[in-house]
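# Coordinate inspection notes
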There are 2 protein chains.
Amino acid sequence: MLGEIIAIGNELTSGRIANTTSGFAARHLFASGYEIHAMHTIGDAPNLIGEVLKAAIHRVDFVIVTGGLGATDDDLTTEAVACALERPTIPNLELLSQIRSHLDAISASPVSPLEKLAWLPQGAEALTLQARISGYQLVHAGKPIFFLPGVPHQMESLLIDQVLPRLALWNQGRHLVSFQRIFKTLGMEEAAINDLMSRLNLDRRIDIGYYPVFPEVHVSLTLRSPVAAEAASLFATACRSVQVALGDFIYGQDDDSLAGVTCHLLEAAGLRLATAESCTGGLIGHLLTQVPGSSHSYLGGVIAYANGIKIRSLGVEETLLAVHGAVSPEVAEAMARGMRHKSGADIAVSVTGIAGPDGGTMAKPVGTVFIGMATENMSAVHPFYFSGSRQQIQEITAKTALDLIRRYLLQQGRAE
Amino acid sequence: MLGEIIAIGNELTSGRIANTTSGFAARHLFASGYEIHAMHTIGDAPNLIGEVLKAAIHRVDFVIVTGGLGATDDDLTTEAVACALERPTIPNLELLSQIRSHLDAISASPVSPLEKLAWLPQGAEALTLQARISGYQLVHAGKPIFFLPGVPHQMESLLIDQVLPRLALWNQGRHLVSFQRIFKTLGMEEAAINDLMSRLNLDRRIDIGYYPVFPEVHVSLTLRSPVAAEAASLFATACRSVQVALGDFIYGQDDDSLAGVTCHLLEAAGLRLATAESCTGGLIGHLLTQVPGSSHSYLGGVIAYANGIKIRSLGVEETLLAVHGAVSPEVAEAMARGMRHKSGADIAVSVTGIAGPDGGTMAKPVGTVFIGMATENMSAVHPFYFSGSRQQIQEITAKTALDLIRRYLLQQGRAE
């Protein structure tokens with residue numbers, strides 16, 4: 001079953017706001033076995049909204065429209081639809097009373113702009129009765145069209161709770177089975193991965209995609225098939241080949257994050273981590289603490305941006321900084337050792353480098369980074385020479401630090 | 001001059017990768033006075049690519065196509081274009097020799113898949129001779145079409161360096177003047193801002209847009225006009241009205257970031273900041289150190305995720321933690337004071353809270369956050385009760401902490 005997605009709003013066509021809702025919808029529809037033919041983003045232009053909507057209904061089996069449903073003056077979707085599909089707006093009485101009772105509770109004004117939310121194109125069925133969220137379904141030319149708000153979390157919950165179940169009912173017994181796995185890698189270039197993959201001679205029915213998501217490269221395997229059992233084993237075999245070929249460059253799959261995998265390995269080993277960050281300024285800690293439950297394996301650390309903090313909070317010796325400079329293997333090692341000592345962690349990782357755009361020298365150009373690691377029995381420093389913008393250098397440094405911990409834990413696990 | 005943007009790739013229509021290039025292009029085209037009529041995202045389906053491209057050329061004055069130009073097997077844009085526009089691909093000899101000389105330097109293989117990058121549709125003009133970046137211009141039906149890579153930084157540099165100057169030449173003397181300002185706010189709800197704005201009775205030619213960018217709300221004013229002088233003064237007057245109405249809720253404009261504005265105010269006041277973060281895990285430090293030159297005003301801090309680090313690195317008394325709990329005004333204040341003392345900073349900000357999804361209690365539900373601040377002469381704690389996902393609570397906490405510093409510095413500046 002084929003669909004199209006239409007996102008509406010001048011904030012999107014002017015590029016001011018990134019359109020994240022269309023991608024979210026596409027991802028969940030894909031996972032449920034639907035194929036998205038095309039996604040369109042249209043400004044607040046009623047005529048063009050109508051034109052694109054009519055063309056989409058003609059081409060595919062269902063359409064999802066997001067945005068322009070709010071109560072502010074730049075929300076024009078419902079008017080555009082009413083006009084294009086020749087369905088005048090009429091008030092949904094249930095919605096209207098809902099909105100009014102909500103308003104009574106907070107203000108005494110007789111007519112509120114929020115009442116606009118209760119006026120829907122003729123034949124529309126409301127997807128929610130919550131007073132501040134707008135969404136409805138319309139069946140036109142025998143095909144379902146879903147209208148959802150543009151605000152990401154509202155759109156996302158209506159998509160999951162209302163659209164997917166309604167599509168499944170609509171669609172009973174018609175769709176293909178689809179298999180997809182994303183292998184997430186760090187440390188190998190896209191071209192090198194492509195080269196390795198093409199030597200595997202995977203079954204031709206399997207689609208392979210390569211996606212650089214800086215600084216990572218994701219490799220996707222996709223199979224769509226009407227016969228589930230044979231397809232499942234074919235797909236599993238292909239996945240195993242890829243895993244063998246890419247080995248430890250694969251840090252995870254599908255929804256895994258590098259920080260999540262690292263936390264999981266730490267927890268499994270019963271080890272606790274601390275971080276000492278200079279040029280990444282807290283990004284490693286931020287990535288780790290985005291993971292729910294990371295407090296089991298991550299203690300915290302020091303953002304040692306200024307030299308004073310390296311000295312006071314990590315015990316780095318002033319002479320070390322004076323002799324070798326803040327960006328040096330010696331200081332990276334002292335930071336990791338000091339962090340481990342001060343925090344009582346089992347493992348400490350440290351980062352010092354030059355993220356740019358200024359601060360580079362001939363001997364230590366922008367992108368020079370030293371990552372240190374200290375455990376009870378060892379300490380080590382790895383030098384790196386990254387390139388890119390300030391933000392890219394911070395990102396690749398933080399992820400490389402996590403990856404060094406991940407690989408260390410994998411090795412320890414195998415040695416046992 | 002009206003344009004459309006077409007992004008190509010199954011990674012986009014399956015929602016696996018967020019399409020950031022179309023937004024980037026739209027933003028820069030808009031700023032240069034072009035209007036984007038629509039943006040389309042199409043999978044790796046040659047027929048549909050051709051169909052959408054032909055329709056777009058018919059509708060608008062120029063088209064930008066991104067993605068599917070690489071050397072891997074899933075890159076199909078050039079073939080699709082050759083077929084749809086009936087322009088067979090022929091090798092661009094200059095590109096081919098460039099690619100071969102590059103290959104000679106790194107490998108001895110006789111034919112490389114990279115040579116595919118030199119085969120362009122008949123009549124195409126290469127936008128770059130760099131061996132690993134693909135991009136070309138084609139004039140079809142008297143209108144320019146620009147083909148750019150899907151990799152964001154490659155696409156972005158070709159857009160800026162090649163497409164915008166070429167469009168400007170193409171377009172001499174034809175386009176409208178456009179004015180736009182984005183006011184970025186924190187702390188006031190979208191509906192309340194809409195209400196305030198509608199009472200200003202701004203000139204009807206000015207478009208107003210409201211964009212919640214969690215946790216911020218951005219308000220845009222846009223004016224397009226053929227007469228520059230009158231428009232400029234009209235627009236300036238409207239902007240001043242908005243600034244007066246929203247006051248300190250506006251933290252900045254256009255490309256400003258809250259962290260950037262905060263660093264700037266710190267530097268102007270000659271003050272240095274340190275951070276002590278528990279539930280935000282380094283996010284405040286990360287936001288500050290994304291700003292180039294932030295080392296002038298930001299010293300660093302402590303990620304005090306575990307209680308042990310609060311005690312050892314910030315000097316928080318164990319009894320305080322035992323009596324009041326880690327998430328308490330008392331601990332927030334002790335963290336800020338301790339951080340200021342240990343770092344020698346002029347101002348320290350601290351954060352302790354429950355980001356969830358677990359860890360909430362009846363007395364302190366998920367979203368309970370205390371933000372502390374300490375200076376030479378005072379210390380203060382502000383309680384907050386946020387809602388949302390773990391990531392949202394971390395984001396709103398970090399930005400609210402920055403905003404408290406910003407508002408403190410504004411007040412200090414006015415008091416002087």
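Residues numbered from 1 in each chain as written. Chains lettered and ligands numbered in written order. Predicted model: local features only at pLDDT ≥ 70, side-chain atom pairs only at ≥ 80, totals over all residues. Heavy atoms only, no water.

## Topic: the overall build of chain A
If you tally the helices and strands in chain A, you get 14 helices and 17 strands. If one aligns the C-alpha atoms of chain A with their principal axes, the spans along those axes are about 80 × 60 × 40 Å. Scored against the burial criterion, the 416 residues of chain A give a buried share of 54%. Excluding contacts between residues fewer than 6 apart, the proportion of contacts in chain A whose partners are at least 24 apart in sequence is 67%. Here chain A contributes 30 positive and 40 negative side-chain charges, whose respective centroids are spaced 3 Å apart. (Helix = DSSP H or I, 4+ residues; strand = E, 2+ residues; numbered from the N terminus. Buried < 20%, exposed > 50% of the residue type's maximum accessible area, 1.4 Å probe, protein only. Contact = heavy atoms within 4.5 Å. Lys, Arg positive; Asp, Glu negative; His and termini not counted. Charge placed at Lys NZ, Arg CZ, Asp CG, Glu CD.)

## Quick notes on the domain arrangement of chain A
Residue and element names in this part refer to chain A. The assigned domain composition of chain A is domain 1 (2–170), domain 2 (177–253) and domain 3 (258–415). Of the residues lining the interface, four residues belong to domain 1; the matching set on domain 2 comes to four residues. Note on domain 1 versus domain 2: buried area summed over both sides is about 340 Å², and carbon and sulfur give 46% of it. Counting across the interface, domain 1 meets domain 2 through zero salt bridges. Applying the counting criterion to the domain 1 and domain 2 interface returns zero residue pairs in polar contact (both at pLDDT 80 or more). Residues that form the side of domain 1 that touches domain 2 fall into these classes: two nonpolar, one polar and one charged. (Domains from an automatic or database assignment. Buried area = accessible area lost by both parts, 1.4 Å probe. Salt bridge = Lys/Arg side-chain N within 4 Å of Asp/Glu carboxyl O. Polar contact = N/O pair within 3.5 Å; in protein donor to acceptor, adjacent residues only side chain to side chain. Nonpolar A, V, L, I, M, F, W, Y, C, P; charged D, E, K, R; others polar.)

## A word on the state of the cysteines
This structure, assessed with the given rule, holds zero disulfides over all chains. In this model A:Cys263 remains outside any disulfide bridge; the closest cysteine sulfur is found in B:Cys279, 16 Å from its own. Judged by relative accessible area, which is 4%, A:Cys263 ranks as buried. (Disulfide = S-S within 2.5 Å.)

## Quick look at the packing of helix α11 (residues 307–314) of chain B against helix α13 (residues 329–343) of chain B
Residue and element names in this part refer to chain B. Interhelical geometry of α11 versus α13 gives an angle of 40° and a closest axis separation of 9 Å. Considering their axes alone, α11 and α13 lie oblique with respect to each other. Between α11 and α13 lies a crossing whose hand is left-handed. Taken together, the residues of α13 that come into contact with α11 (itself represented by Lys-310, Arg-312, Ser-313 and Leu-314) are Val-331, Ala-334, Met-335, Gly-338, Met-339 and Lys-342. Within the contact of α11 with α13, the residues separate by chemical class into five nonpolar, two polar and three charged. (Axes fitted to C-alpha atoms, helices over the stretch in contact; angles between N-to-C directions. Parallel < 35°, antiparallel > 145°, perpendicular 65-115°, else oblique. Left-handed = near helix turned anticlockwise from the far one by under 90°.)

## Here we look at the sheet that holds strand β8 (residues 143–148) of chain B
An order of β6(A)-β7(A)-β8(A)-β3(A)-β1(A)-β2(A)-β2(B)-β1(B)-β3(B)-β8(B)-β7(B)-β6(B) is seen for the twelve strands of this open sheet, with the pairing classed as mixed. Since the sheet does not close on itself, it has two edges, and those belong to β6 (125–126) of chain A together with β6 (125–126) of chain B, each with one partner. Relative to strand β3 (residues 62–66) of chain A, strand β1 (residues 2–8) of chain A is paired through five bridges, and the arrangement is parallel. From the neighbouring strand, A:Ile6 faces β3(A), where its bridge partner is A:Val65. (Pairing = 2+ DSSP bridges.)

## Structural notes on the relation of the copies chain B and chain A
For the match of chain B to chain A, the screw axis carries a shift of 0.0 Å, the RMSD comes to 0.1 Å, and the turn is 180°. Read as a symmetry element, the transformation amounts to a two-fold axis. Here 99% of the interface residues in chain B have copies in chain A that are interface residues too; the copies meet face to matching face. (Least-squares fit on C-alpha atoms with pLDDT ≥ 70 in both.)

## Observations regarding the pairing of β1(A)
Residue and element names in this part refer to chain A. In terms of residue burial, β1 counts as a mostly covered element, since six of its seven residues are buried. Relative to strand β2 (residues 35–42), β1 runs parallel, the two sharing seven bridges. Bridge pairing links Ile-6 to His-40 in β2.

## Considering helix α9 (residues 258–269) of chain B
Residue and element names in this part refer to chain B. Taking 1.5 Å of rise per residue, the twelve residues of α9 would be expected to cover 16 Å, and the 17 Å separating its terminal C-alpha atoms lies within 8% of that figure. Listing the buried residues of α9 in full gives Leu-258, Ala-259, Gly-260, Val-261, Thr-262, Cys-263 and Leu-266. Considering only its buried residues, α9 is in contact with β11 (216–225), β12 (250–253), β13 (273–277), α10 (283–289), β15 (347–353) and α14 (390–415). One or two steps after α9, the chain reaches Gly-270, where phi turns positive at roughly 70°. (Expected span 1.5 Å × (residues − 1).)

## Remarks on the pairing of strand β15 (residues 347–353) of chain A
Regular strands have side chains that alternate between both faces of the sheet. All names here are of chain A. Along β15, seven of the seven residues are buried, which leaves the element largely enclosed by surrounding structure. In this structure, β15 lies alongside strand β16 (residues 368–374), joined through six bridges in antiparallel fashion. Paired with Gly-353 across the bridge in β16 is Val-369.

## A few points about the interface of chain B and chain A
A common way to report how large an interface is uses the accessible area buried once the components associate. On the side of chain A, 72 residues touch chain B, which itself brings 73 residues to the contact. Summing both sides of the interface, chain B and chain A together bury roughly 5600 Å²; the carbon and sulfur share of this comes to 55%. On the chain B side of the interface with chain A, the three residues burying the most area are B:Arg16, B:Tyr211 and B:Tyr305, jointly 11% of the side's total. For the interface between chain B and chain A, the tally reads two salt bridges.

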